[in-house]
Protein chains: 2
Amino acid sequence: MLEIERKFLVTTDAFKQAAFKQTRIVQGFLNTHPERTVRVRIKGDLGFLTVKGISNKAGTIRSEWETEISAEDAEQLLNLCEPGIIDKTRYEIKVGNHIFEVDEFLGENEGLIVAEVELKSEDEAFEKPSWLGKEVTGELKYYNSQLSLNPFKNWK
Amino acid sequence: MLEIERKFLVTTDAFKQAAFKQTRIVQGFLNTHPERTVRVRIKGDLGFLTVKGISNKAGTIRSEWETEISAEDAEQLLNLCEPGIIDKTRYEIKVGNHIFEVDEFLGENEGLIVAEVELKSEDEAFEKPSWLGKEVTGELKYYNSQLSLNPFKNWK
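Just so we're clear, the structure is a prediction, and the values are computed from it rather than from any experiment.

Caption draft 1: Highlighting the interface of chain A and chain B. Taken together, the contact between chain A and chain B spans 16 residues of the former and 16 residues of the latter. Among the elements that take part in the side of chain A that touches chain B, strand E5 (residues 61–69) of chain A stands out by supplying four residues, more than any other.

Caption draft 2: Representation of the UniProt feature "domain: CYTH" (unreviewed entry) in chain A in the model. The feature "domain: CYTH" (unreviewed entry), as given by UniProt, occupies residues 1–149 of chain A in the numbering adopted here. End-to-end, the C-alpha atoms of residues 1–149 of chain A are 26 Å apart, and along that stretch the chain is 9% helix and 52% strand.

Caption draft 3: Representation of the pairing of strand E6 (residues 86–95) of chain B in the model. All names here are of chain B. Relative to E6, strand E2 (residues 21–31) runs antiparallel, the two being bridged by seven bridges. By the bridge assignment, Arg24 is partnered in E6 with Thr89. Sheet analysis places E6 next to strand E7 (residues 98–105), joined by eight bridges and oriented antiparallel. Residue pairing across strands places Lys88 opposite Phe105, the latter belonging to E7. Taking the residues between adjacent antiparallel strands as the criterion, E6 and E7 are bridged by two residues, where Gly96 takes a positive phi near 60°.

Caption draft 4: Structural detail: the relation of the copies chain A and chain B. Expressed as a screw transformation, the operator carrying chain A onto chain B has a rotation angle of 180° and an axial translation of 0.0 Å, and the superposed copies differ by an RMSD of 0.0 Å. Both chain copies can therefore be described as sitting about a two-fold axis. Measuring from the rotation axis to each C-alpha of chain A, the shortest distance belongs to Asn31(A), at 3.0 Å. Counting the interface residues of chain A, we find that 100% of their copies in chain B are interface residues as well, pointing to one common contact surface.

What counts, and at which threshold
Residues numbered from 1 in each chain as written. Chains lettered and ligands numbered in written order. Predicted model: local features only at pLDDT ≥ 70, side-chain atom pairs only at ≥ 80, totals over all residues. Contact = placed C-beta atoms within 7 Å. Helix = DSSP H or I, 4+ residues; strand = E, 2+ residues; numbered from the N terminus. UniProt positions renumbered as here; feature names shortened; annotations may be inferred. Pairing = 2+ DSSP bridges. Least-squares fit on C-alpha atoms with pLDDT ≥ 70 in both.

Rendered as structure tokens:
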């Protein structure tokens, strides 16, 4: 139930040619409180309900619990979510021994591209691809729940 | 996904001798906003995650979506919930063609007993047992989510 992750900005779209998979994701939040977010997601044909807890101070470790639900149920639950639906394309890219998930946001968050890599421990080494920019692990404003409240287009 | 229900206070414990089932329920809320509550429940050996939406004006109809989860997962999710865990004993009682669910609250809500009957339509008739008191359908303060924020012992 614990997830260890580091998050980075991506400043070029060079990652796209290396992607082995590309999926559209639409998601909303029943709760955007960072201590207990509840996310409804439609990913391709599948639906998911995900609860995330508070993170450690560095933002690298966070409890996460997920269950698969039908896409139809997810559609219905999206209607109950707070305003601020997140729409993005996820690219999956193998770099060395790790998979990077790169989210290119659409809609209100267009222009933002964020990469995440899941690790087995906080200090696990991983290869950094050339398109990886500044680390933003633990910065609340890059949480999807917070992007739904305060989207990228409003940032400056 | 729509649930039609009416809710009543119960002022005596005469209902207990008519109950065919009795279950301990412990539950918490990941979100107490009345438009999108997310409830984590342990009921006997089972776990449930339930999302309820906004109700109609009378409070009789409310959207509800539920999935069964393991009791172990429910235990873990309870730790993420807002403060204000609800603890109660549920009695199920057959009255005419309907089942009444009577919740006798414990802990912070001790002294409160509430009965609910599920209906097929808003105007469906049902037999009222002698122990049924004042109707409180739609009164927000009797929602379990609100009882977790403002428990019965603080009411007067």
